[in-house]
Amino acid sequence: MVAVRALNTHDGKDFVMTIQTVTLSQLVPCKANPRKLFDAAALEGLAASIRTDGLLHNLVVRPSRGKSFAIVSGERRFRALKLLEERGQLPDGFTVPVEVRTALSKEDSLRLSTVENLQRADLAPLEQTAALTKLVKDGEALDDLVAQTGLSATTIKRRLALNGLCKEAKAALEAKRLSLAQAEALTLGSDEDQRGLLEGIARGRSLDADDIKESLLNDRPCVAEALFPVERYTGTITTDLFAEGESSYFDDGEQFILLQQEAVKALADHHRASAPWVEVTQEWRIPDWQYEAAPEGKSGGVLINLSPRGSVEIREGLVKRTVKSSTAKRLADNPLAPRKPKAAYTVPLRRMLAHHKSIAVQEVLLASPRIVKDIAAIRSFMALEPHSCIAALARADDPQGAYRVLETQARQFAGKLGLAPAADADVWSVFPPERFDPVALYQAIKGFSDHDLDQFQTLLTALSFGQKDCERFDTKDSLFNVIAQDLKIAMRTHWRPDRSFFEKRSREQLLVVAKECGFSEGRSCLGSYKKSELVSGLTQFFVAAQSAAAPSPAQEKARAWLPEVMLFPAVDPDAMQDAQEPFDTEAEAAGESADDEGDDSCGDDAFDEDAFDPEALDEEGGIREAA
């Protein structure tokens, strides 16, 4: 062991560093390490390098609990060693040379770990952001961060600016669905702006960093180009940390140009007091090729150029060359400059006019109820999210009548809208469709009769309405239950207990149902039925009861039977059971064992599952007696 006393130059405190060897099992990762992602391929390469050439750089650690050491710097090397150990490529008790630093606070450990990671090029951008943010919050100055990390001030500012990304943009950057350049450009916009651009990218819109910046900055002029005092500008300003010199931009380009023109006019007047001539041009670049420097001892004129984007160039001490004005005009513009003419209306003016047009349409809509209904139907259809019952029952073997009514109406309106599902798909694959053409949708709905339009809007509302949490019994006076009560819905007329219902109940529960619904009447050996026999018998019993023209008393009982959970609001049987005395656990266990075995008390009269024939049921769903 070698002990060395060193000076911690960061805060002036002394710390003791010792070089020693410890076993790999004594090392533990530090939870505060800013690096959270470790590239598997890179670890494989590092492991191969260590196996070939050994550990070229010592790990930096600090004493932890017991005989363990927390890693301050070198977790990647530690992980590579663990990889070799897991593969049996290291000898038992393998030792690692480490630098043990004592009298090191947790804050110092985090700072050293952060700086060590920041000096590596493979640290993820958001990890750099988090690490730098922590250091700044701990009081580190920008110059100190530059000296410690080796990163430029601009890079540090760019990384810190990533704090301005919305959570969706951070997730996209971390998942590499967004490049670093795109992410940096997005920080110029609000969360809403960022989400809008992210949605466009997700839909396949090609937007590089420059496209994003152009979209967010909208060709706004740079503050540094202003000839007028910035205090005269009354609009907002956006700062772009990713432009050279951390440029700031005027958001109101129209106001900037007006102020710039006034400043150029004042500047020209100032020069006219002493110069033989002053000329103001408005080209993309100053046409200085038309002029030359005035001879020594002779005063020259002044050329001022105000470009279409507002930048100003000044040339003094010039004399004019003899050039035809027509030629000069044709050659003055830069051939590389964009040929896009200046917009007839600025963005603020377009926005203002759009607001007036919108309010005018809104006013006329007040007197156009039919078109308002068309718009409401379009918006409802575009926002439609059918209740989960639709998809669930669409997969059922027997979704029953209520589903078929909704499905039939949806299919009818899909046809009216020109939406045709594939041959092997149901109507819900196109109702609603994945993509909308609002204008085409409006043209179709505009042709609906008033009755069809009302029915269409009613269907859309009905499809999205239902019980909120379908995995719990709705036992409260919820909106769903209150509306169902107002509609006077009786589930007996909309639902029939079927095989899927009975198969999800235990044998003991089915025996209770059999007694309550009339199925047990005339069956002295019901206790001998196995669960599968009860399921088949009850299913067919309820079918026969519902279809009977002249139902028997037992069938009338079946028609009236309804589980308490199908009421509005539902009655939770488990809650009722909890309020009663607890079950006899021994009896309950005995009942469970009878589920499969049945009750043999009926001797030779016991029900034979192998001999069960559904065709042998009588008109009430019971088993015909032998002659």
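See the structure shown above.
Undergrad: Could you give an account of the overall build of the chain, with specific residues and numbers?
TA: Helix and strand counts for the chain stand at 25 helices and 12 strands. Within the chain, the proportion of its 627 residues that are buried is 36%. For the chain, the proportion of contacts with a sequence separation of at least 24, taken over those separated by at least 6, is 66%.

Undergrad: Describe the sheet that holds strand 12 (residues 312-320), and please don't skip the residues or the numbers.
TA: Sheet architecture is open: four strands sit in the order 9-11-12-10, paired in mixed fashion. Each edge of the sheet is formed by a strand with only one pairing partner; in this case those strands are strand 9 (278-281) and strand 10 (291-293). Adjacent strand axes in the sheet meet at a mean angle of 40°, parallel and antiparallel pairs treated alike. As paired elements, strand 10 and strand 12 share three bridges and run antiparallel to each other. Following the sheet pairing, Glu292 is matched in strand 12 by Val319. Together, strand 9, strand 11 (301-306) and strand 12 form the strand contacts of helix 11 (residues 253-272), whose direction differs from that of strand 11 by roughly 175°.

Undergrad: Tell me about the pattern of salt bridges, and please be specific about residues and values.
TA: Two side chains carrying opposite charge are able to pair once their charged atoms lie near each other. Going through the model one piece at a time under the given rule, you end up with 17 salt bridges. Ionic pairing is found between Arg272 and Asp269, a salt bridge with its closest N-O pair at 3.0 Å. With Arg272 and Asp269 both in helix 11 and three residues apart, the pair spans about one turn of that helix. By relative accessible area, Asp269 is classed as partly exposed at 39%. Of the charged contacts, one joins Arg411 and Glu407 as a salt bridge, the two residues approaching to 2.6 Å between their closest N and O atoms. In this pair, Arg411 and Glu407 both sit in helix 16 (residues 400-416), four residues apart, roughly one turn of the helix. Assessed through its relative accessible area of 39%, Arg411 is described here as partly exposed. Where salt bridges share partners, they join Lys265, Asp269 and Arg272 into one cluster.

Undergrad: Could you give me a rundown of the packing of aromatic side chains, with the residues and numbers involved?
TA: Within the structure shown, the criterion is met by 23 aromatic pairs. A centroid spacing of 5.8 Å and a plane angle of 35° characterise the contact between Phe228 and Phe250, whose relative ring orientation is tilted. Of this pair, Phe228 sits in the loop between helix 10 (209-217) and strand 7 (237-239) while Phe250 sits in strand 8 (residues 248-250); the two residues are 22 residues apart in sequence, bridging distant segments of the chain. You'll find Phe228 and Phe250 in the same group, each marked buried. Cluster of aromatic residues (ring-pair linked, three or more members): Phe381, Tyr403, Phe413, Trp428, Phe431, Phe436, Phe448 and Phe456.

Undergrad: Outline unusual backbone geometry, supporting the account with residue identities and numerical values.
TA: With omega at 5°, the peptide bond leading from Phe431 into Pro432 counts as cis. Looking at the secondary structure, you find Pro432 in the loop between helix 16 and helix 17 (438-446). Cis peptide bonds are those with omega within 30 degrees of zero, and the linkage from Phe568 to Pro569 qualifies with -5°. The residue Pro569 is located in the loop between helix 23 (553-560) and helix 24 (573-579) in this model. In the Ramachandran plot, Lys488 falls in the positive-phi region, its phi being about 55° despite a non-glycine side chain.

Undergrad: Go over the pairing of strand 12 with me, naming the residues and quoting the values.
TA: Pairing between strand 11 and strand 12: six bridges, direction antiparallel. Within strand 12, the position partnered with Gly301 by the bridge is Leu318.

Undergrad: Would you mind going over the pairing of strand 11 in detail, with residue names and values included?
TA: A large share of strand 11 lies buried, amounting to six of its six residues. Here strand 11 shows no split at all, with Gly301, Leu303 and Asn305 on one side and Val302, Ile304 and Leu306 on the other all buried. Judged from the four bridges that link them, strand 9 and strand 11 form a sheet pairing that is parallel. Bridge pairing links Thr281 to Asn305 in strand 11.

Undergrad: I'd love a proper account of the side chain of Asp474, names of residues and values included.
TA: Relative to the helices and strands, Asp474 resides in the loop between helix 18 (450-464) and helix 19 (479-486). No salt bridge is formed by the buried Asp474; the nearest opposite charge belongs to Lys476, separated by 8.2 Å. Only 3.5 Å separates the side chain of Asp474 from the backbone nitrogen of Lys476, close enough to count as a polar contact. With residues near it in sequence (within four places) discarded, Asp474 still touches Gln467, Phe480, Asn481, Pro569 and Ala570.

Undergrad: Which residues make up the nonpolar core, and what values go with them?
TA: Formed by 22 residues in total, the largest nonpolar core has its most connected members in Phe502, Cys517, Phe519, Leu538 and Phe542. Going through the elements one at a time, helix 20 (499-503), helix 21 (507-517), helix 22 (531-547) and helix 23 are the ones with two or more residues in this core. Here the element with the most residues in this core is helix 22; it accounts for six residues. Judged by nonpolar contacts, the second largest core, of 21 residues, contains Phe381, Tyr403, Trp428 and Phe456.

Rules and cut-offs
- Residues numbered from 1 in each chain as written.
- Predicted model: local features only at pLDDT ≥ 70, side-chain atom pairs only at ≥ 80, totals over all residues.
- Heavy atoms only, no water.
- Helix = DSSP H or I, 4+ residues; strand = E, 2+ residues; numbered from the N terminus.
- Buried < 20%, exposed > 50% of the residue type's maximum accessible area, 1.4 Å probe, protein only.
- Contact = heavy atoms within 4.5 Å.
- Pairing = 2+ DSSP bridges.
- Axes fitted to C-alpha atoms, helices over the stretch in contact; angles between N-to-C directions.
- Salt bridge = Lys/Arg side-chain N within 4 Å of Asp/Glu carboxyl O.
- Phe/Tyr/Trp six-rings, centres within 6.5 Å; stacked < 30°, edge-to-face > 60°.
- Lys, Arg positive; Asp, Glu negative; His and termini not counted.
- Polar contact = N/O pair within 3.5 Å; in protein donor to acceptor, adjacent residues only side chain to side chain.
- Core = buried A, V, L, I, M, F, W, Y, C linked by side-chain atoms within 4.5 Å.

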